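Notes for the structure review
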Amino acid sequence: MVTSHRSRVVVVGTGSVGSAVSSAIVLQGLCDELVLVNHNPDKAKGLAMDLMDGAEFIGRFVSIRQGDWSDCRDADIVIVTAGPKPKPGETRFQELGAAIDIVDPILCAIRDSGFDGILIMVSNPVDVLSWFAWRRTGLPRAQVLGSGTALDTSRMKTIIGEITRLDPRMVSGYVIGEHGESQFVPWSTVSFIGKSLTRYLEDNRERYEGITLEGIEERTRERGMAIKALRGGTSQGIAATVAGLTRTILWNERRVIPVSTLIDGEYEYDEHDVFLSLPVALDADGVGDFVDLHLTGDELVRFHESARIVREHCALIADRL
């Protein structure tokens, strides 16, 4: 008798980000069943129909339907993208009050469904809401993660690729800390085509006059806001990122990716009870081993500052638990 594991992914929220995430998952054929949940069931049903209409032309058939909270019970992954519509000039932290009003009932519904899979938080501010999701759902720490700086890391590599006109996937390194203003690149750990990026730029200074590590980091930090200014919001980059996280988990790839996860005394990071992004081994069981980056003294100072900022905002919603 032939048996098979049927994979189910639930996407909560069908706005611009949720729709883009759903599309990326379907186009890559990552799961057997995609279930869409929205506070307005008609929007979820309409998106499911729209995505299904392309079934003839995608590489692998994925069953897509509108669902409800009961569908979370047997899901392998639940992805939460719901949140308030961003206002021009408003930061992620300024959205926190409106975001928690939307996300808290969602997390309660997911918890009450009996869900025991991997929860991926995408809603911003993602580090704060990932911490809240871990506390609210009671899931083990390995099973709750935020998209975090996985997107920012891809942005950093993209910018280096644009500068050098070489494949950005040859960059080895990470953006870590908060997915926000205090994020940073630990340049002591970043390499490119076999040497440190610092050395690469020094060896080719005549070709990259005016290019600095600080400038690359600033462009990385501001890229999201630049995209919002041009087209009103970001969706495609985060969609590709979340699809990548989904593939890594469902296909048990055990890739090392910087995601927002619980930091609780690991290595020299010496932080506790806070969600920040660090490179971790990600697989079918969720968040695995941390990578010890051996940060410099200055980099550790920046990491602790990022933790302080996130922890202060977690304190603002702790009374909701």
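About the thresholds
Residues numbered from 1 in each chain as written. Predicted model: local features only at pLDDT ≥ 70, side-chain atom pairs only at ≥ 80, totals over all residues. Heavy atoms only, no water. UniProt positions renumbered as here; feature names shortened; annotations may be inferred. 1 Å grid on protein atoms, 1.4 Å probe; cavity = no way out; pocket = protein on both sides within 12 Å on 5 of 7 lines; lining within 4 Å. Contact = heavy atoms within 4.5 Å. Helix = DSSP H or I, 4+ residues; strand = E, 2+ residues; numbered from the N terminus. Buried < 20%, exposed > 50% of the residue type's maximum accessible area, 1.4 Å probe, protein only. Expected span 1.5 Å × (residues − 1). Pairing = 2+ DSSP bridges. Disulfide = S-S within 2.5 Å. Axes fitted to C-alpha atoms, helices over the stretch in contact; angles between N-to-C directions. Parallel < 35°, antiparallel > 145°, perpendicular 65-115°, else oblique. Left-handed = near helix turned anticlockwise from the far one by under 90°. Nonpolar A, V, L, I, M, F, W, Y, C, P; charged D, E, K, R; others polar. Polar contact = N/O pair within 3.5 Å; in protein donor to acceptor, adjacent residues only side chain to side chain.

Going by an unreviewed UniProt entry, the protein carries the name L-lactate dehydrogenase and comes from Bifidobacterium santillanense. Taken directly from UniProt, the Subcellular location (unreviewed entry) text for the protein runs: "Cytoplasm".

1. Let's talk about the UniProt feature "binding site: substrate" (unreviewed entry) in the protein
UniProt tags Arg92, Asn124, Pro125, Val126, Asp127, Asp152, Thr153, Ser154, Arg155 and Thr234 as "binding site: substrate" (unreviewed entry). For the second largest pocket, the lining residues drawn from the annotated set are Thr153, Ser154, Arg155 and Thr234. Excluding residues that lie within four positions of it along the chain, Asp127 makes contacts with Gly177, Glu178, His179, Ser260, Phe275, Leu276, Ser277 and Val310. Looking at where Thr234 falls in the secondary structure, it is placed in the loop between α7 (213-231) and α8 (236-250). With relative accessibility at 21%, the residue Thr234 sits in the partly exposed group.

2. So, α8
Under the 1.5 Å per step criterion, the end-to-end length of α8 is 21 Å for 15 residues, consistent within 8% with the ideal 21 Å. Immediately downstream of α8, the backbone of Asn252 shows phi near 50°, a positive value.

3. What about the environment of Ile211?
On the secondary structure map, Ile211 appears in the loop between α6 (197-203) and α7. Along the backbone, Ile211 and Leu201 are 10 residues apart, and their C-alpha atoms lie at a distance of 8.0 Å. Sequence-distant contacts of Ile211, that is, excluding residues within four places in its chain, are made with Ile163, Leu201, Arg205 and Ile216.

4. Overview of the sheet that holds strand β7 (residues 171-172)
The strand order across the open sheet built from 3 strands is β7-β8-β9, with neighbouring strands paired in antiparallel fashion. The open sheet is flanked by β7 and β9 (195-196), the only strands paired with a single partner. Bridging between strand β8 (residues 191-192) and β9 involves 2 bridges; their strand directions are antiparallel. In the strand pairing of β9, Ser191 is matched with Ser196.

5. Re the environment of Ile238
Along the chain, Ile238 falls in helix α8. Residue Ile238 is classed as buried on the basis of its relative accessible area, which comes to 10%. Sequence separation between Ile238 and Val21 is 217 residues; the distance between their C-alpha atoms is 7.5 Å.

6. Examining the state of the cysteines
If you walk through the whole model with that rule in mind, you get 0 disulfides. Cys31 takes part in no disulfide bond, and the closest cysteine sulfur to it belongs to Cys72, at a distance of 14 Å. For Cys108, which is in no disulfide, the shortest distance to another cysteine sulfur is to Cys72 and amounts to 13 Å.

7. Focus on the packing of helix α3 (residues 96-112) against helix α4 (residues 126-137)
Where α3 meets α4, the closest approach of the two axes is 10 Å, and the angle between their N-to-C directions is 30°. With respect to α4, the axis of α3 lies roughly parallel. Like other packed secondary-structure pairs, α3 and α4 cross with a definite hand, here right-handed. Contacts between α3 and α4 involve Leu96, Ala99, Ile100, Val103, Asp104, Leu107, Cys108 and Arg111 from the former and Val128, Leu129, Phe132, Ala133, Arg136 and Thr137 from the latter. Taken together, the residues of the contact of α3 with α4 break down into 10 nonpolar, 1 polar and 3 charged.

8. So, α3
Here α3 spans 23 Å end to end across 17 residues, near enough to the 24 Å set by a 1.5 Å rise per residue. All of the buried residues in α3 are Leu96, Ala99, Ile100, Val103, Asp104, Ile106, Leu107, Cys108, Ala109 and Ile110. Close packing links the buried residues of α3 with β1 (8-12), β4 (77-80), β5 (118-121), α4 and α9 (297-317).

9. Comments concerning the environment of Asp273
Secondary-structure assignment places Asp273 in the loop between β10 (255-263) and β11 (274-283). A relative accessible area of 35% means that Asp273 is categorised as partly exposed. When the C-alpha atoms of Asp273 and Ile263 are compared, they prove to be 6.1 Å apart, with 10 residues separating the residues in sequence. Setting aside chain neighbours within four positions, we find Asp273 in contact with Trp131, Trp134, Arg135, Leu262, Ile263 and Asp264. For Asp273, the side chain forms a polar contact with the side chain of Trp131, separated by 3.1 Å.

10. What about the side chain of Thr246?
Positionally, Thr246 belongs in helix α8. Not counting chain neighbours up to four residues away, the residues in contact with Thr246 comprise Val9, Ile25, Leu30, Ile77, Ile79 and Ile120.

11. Considerations on the pairing of β5
Residues of β5 alternate between two faces, with Ile118 and Ile120 on one and Leu119 and Met121 on the opposite face, all of them buried. In this sheet, β5 lies alongside β4 in parallel orientation, the contact comprising 4 bridges. Residue pairing for β5: Ile79 is matched across the bridge by Ile120. Pairing of β5 with strand β6 (residues 144-146), which is carried by 3 bridges, proceeds in the parallel orientation. Note on β6: the bridge partner recorded for Leu119 is Val144.

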